[in-house]
Amino acid sequence: MTKEVLTEDLYCIGCGAKIQTDDPTERGYTPAAALRKGLESGQLYCQRCFRLRHYNQMEKVSVTDDEFLAMLNTISMEDALIVNVIDLFDVYGSMIPGLHRFAGNNKVLVVGNKVDVLPKSVKLSRVKQWLTEQVQAVGLRPVDVVLVSGKKATSIDDLLETIEEERDGKDVYVVGVTNVGKSTVMNQIIRAATGNKEDVITTSQFPGTTLDQIRIPLDDGHFLIDTPGIIHHHQMAHVLSPKELKLVAPQHEIKPITYQLNPEQTLFLGGASRFDFISGERSSFTCYFSNDLKIHRTKLEKADEFYAKHLGGLLQPPSAEDAENFPPLVRREFNVKVPSDIVFSGLGWITVRKPGKVAAWVPQGVDAVMRKPII
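Predicted model only: the values in this text are computed from it and were never measured.

With that out of the way, let us pick up the overall build of the chain. Helix and strand content of the chain: 11 helices and 18 strands. In summary, the chain has a C-alpha radius of gyration of 22 Å against a globular reference of 21 Å for 375 residues, a match within 12%. Over its C-alpha atoms, taken along the principal directions, the chain stretches across nearly 70 × 50 × 30 Å. A burial count over the chain gives 54% of its 375 residues as buried. Long-range contacts, defined as pairs at least 24 residues apart, comprise 73% of the intrachain contacts of the chain with a sequence gap of at least 6. Across the chain, the mean location of the 43 positive side-chain charges is 7 Å away from that of the 47 negative side-chain charges.

Right under this line is the structure:
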């Protein structure tokens, strides 16, 4: 019966995604049994919308580059507030290039998520100012910057209050790349704003429904609109498996580790990246990575041999089974003149305090950049 009904296209009445019963990881997935029930009742939802409607669970969904650009173009023609969720642990990797152009005349509110993974000693006022400077550097002029933890629901009420103040009775679009925790933040907003009401989403389709936008009704007839994320091609997510990503993405407060290094020493960040201290005075280098990522120190002259011998074994991730197909590490050299962070996109960063020459090795296609210290 399932194959018979799927000979014609069916669409979710919550988000408009084309229904399919084959792949739970793809958009529009609906279990065969749920499909039959939906057809009988006339209430056909994809699993993502069903879970949102009944359990207030927002699941992340991603789109292609072209779909994402089309979605941003759609938003530029709307009169709305844009909420841009950014991962504080991977700010560079979670920026949306050109968002200020797509925003048009709309206000942009920046949300820095995962504040819970930063060391508790960090002054959040400094982080807020730092994040403001980072987004301004790429052309955004946010009306405000709010720091939250979607995981722990930290400052979600402050975020809701700011959204209400800034939206001026308009719709609200929430945008962000994948892995920034946007769905977690959305879940907290839904819980706080709806009080766990059953009818969380509208049953009407939204123009451009193939983009999987979900509209959550607000009290005044406008909507909080969840949009799918895009995977940045320079993110570590492209080269690590989901299991390995959980290892390198911090789940708890980061415990920084400081190494005293002499010139011509190397730090291996698992097998995923490498840091060389090439020249300069003996100095301290503070590493901000997931507590589960093992760091190994060796001599620069022996680093290549060490990597070839231990990749997938002592140096993980990648795992032994993934090591053979792991992309080669590409070298990026930096001449540090003032205190700076050397960022390994999607992995973490190393703070360099004294002038010197360093190099970051990252998998081919992944970015490494130098920035003003966040801490």
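Having seen it, we continue.
Among the surface-exposed residues, D157, D158, E161 and E165 lie close enough to one another that they form a single negatively charged patch. Considering the arrangement of structural elements, one finds D158 in helix 7 (residues 156–166). With a relative accessible area of 43%, D158 lands in the partly exposed category.

In this structure, L72, V83, V110, L131, L159 and I163 are the most contacted members of the largest nonpolar core, which totals 72 residues. In terms of residue count, the dominant contributor to this core is strand 2 (residues 80–87) (6 residues). Sequence-distant contacts of V110, that is, excluding residues within four places in its chain, are made with N84, I86, L131, V135, L140, P142, D144, V145 and V146. Formed by 39 residues, the second largest nonpolar core is a distinct cluster that contains I295, V352, V358 and A368.

With that out of the way, let us pick up the UniProt feature "domain: NOA1/YqeH-like C-terminal" (unreviewed entry) in the chain. The UniProt record marks residues 282–372 with the feature "domain: NOA1/YqeH-like C-terminal" (unreviewed entry), using the residue numbering of this structure. Between the first and last C-alpha atoms of residues 282–372 the distance is 21 Å; the span itself is 13% helix and 46% strand.

Before going further, it helps to spend a moment on the domain arrangement of the chain. Once the domains are mapped, the chain shows domain 1 (8–57), domain 2 (65–226) and domain 3 (238–371). For domain 1 versus domain 2, the distance between C-alpha centres works out to 25 Å.

This paragraph deals with the sheet that holds strand 10 (residues 265–269). The strand order 13-10-11-17-14 describes an open sheet built from 5 strands, whose pairing is antiparallel. Each edge of the sheet is formed by a strand with only one pairing partner; in this case those strands are strand 13 (295–299) and strand 14 (329–336). On average, adjacent strands in this sheet sit at an angle of 20° to one another, irrespective of strand direction.

Our next topic: the pattern of salt bridges. Across all of its chains, the model carries 20 salt bridges by this definition. A salt bridge links R167 to E164; the nearest nitrogen and oxygen atoms lie 3.2 Å apart. Accessibility expressed as a relative area gives 3% for R167, which makes it buried. Residue K182 is joined to D226 by a salt bridge in which the shortest nitrogen-to-oxygen separation is 2.8 Å. Pair noted here: K182 is in helix 8 (residues 182–194) and D226 is in strand 7 (residues 223–226), with a separation of 44 residues, a long-range link. Accessibility expressed as a relative area gives 7% for K182, which makes it buried. For D226, a relative accessible area of 0% corresponds to the buried category. Residues joined by salt bridges that share partners form a network here, namely R48, K182 and D226.

Under the definition given, this model contains 7 aromatic pairs. Aromatic pair F268 and F306: ring centres 5.6 Å apart, planes at 25°, arrangement stacked. Here the residue F268 occupies a position in strand 10, and F306 occupies one in helix 10 (residues 303–310), the gap between them amounting to 38 residues. Look at F268 and you get buried, because its relative accessible area is 0%. Residue class for F306 comes out buried when judged on its relative accessible area of 18%. We note R274 situated over the ring of W361; from NZ or CZ to the ring centre the distance is 4.2 Å. Above the ring of W349, the side-chain terminus of R371 is found at 4.8 Å from the ring centroid.

Here we come to the environment of E8. Note on placement: E8 falls in the loop between helix 1 (2–5) and helix 2 (32–41). For E8, a relative accessible area of 52% gives the class exposed.

Time to look at the sheet that holds strand 12 (residues 283–289). Pairing is antiparallel in the open sheet, where 5 strands are placed in the order 9-12-16-15-18. Single-partner strands in this sheet number two, and they are strand 9 (257–261) and strand 18 (368–371). Here the average twist between neighbouring strands, direction ignored, is 25°. Strand direction decides the pairing type here: strand 15 (residues 340–344) and strand 16 (residues 348–352), joined by 5 bridges, are antiparallel. The partner of F344 across the bridge, within strand 16, is G348.

What follows concerns the state of the cysteines. This structure, assessed with the given rule, holds 0 disulfides. As a non-bridged cysteine, C46 has C12 as the owner of its nearest cysteine sulfur, 3.8 Å distant. Cysteine C49 is unpaired, with the sulfur of C12 as its nearest cysteine sulfur at 3.6 Å.

Reading the values: the criteria
- Residues numbered from 1 in each chain as written.
- Predicted model: local features only at pLDDT ≥ 70, side-chain atom pairs only at ≥ 80, totals over all residues.
- Heavy atoms only, no water.
- Helix = DSSP H or I, 4+ residues; strand = E, 2+ residues; numbered from the N terminus.
- Rg over C-alpha atoms; globule rule 2.2 N^0.38 Å.
- Buried < 20%, exposed > 50% of the residue type's maximum accessible area, 1.4 Å probe, protein only.
- Contact = heavy atoms within 4.5 Å.
- Lys, Arg positive; Asp, Glu negative; His and termini not counted.
- Charge placed at Lys NZ, Arg CZ, Asp CG, Glu CD.
- Patch = residues over 30% accessible without salt bridge, like charges linked within 9 Å, V, L, I, M, F, W, Y side chains within 5 Å.
- Areas by Shrake-Rupley, 256 points an atom, 1.4 Å probe, with all protein chains shown as cover.
- Salt bridge = Lys/Arg side-chain N within 4 Å of Asp/Glu carboxyl O.
- Core = buried A, V, L, I, M, F, W, Y, C linked by side-chain atoms within 4.5 Å.
- UniProt positions renumbered as here; feature names shortened; annotations may be inferred.
- Domains from an automatic or database assignment.
- Pairing = 2+ DSSP bridges.
- Axes fitted to C-alpha atoms, helices over the stretch in contact; angles between N-to-C directions.
- Phe/Tyr/Trp six-rings, centres within 6.5 Å; stacked < 30°, edge-to-face > 60°.
- Lys NZ or Arg CZ within 6 Å of the ring centre and 35° of its normal.
- Disulfide = S-S within 2.5 Å.

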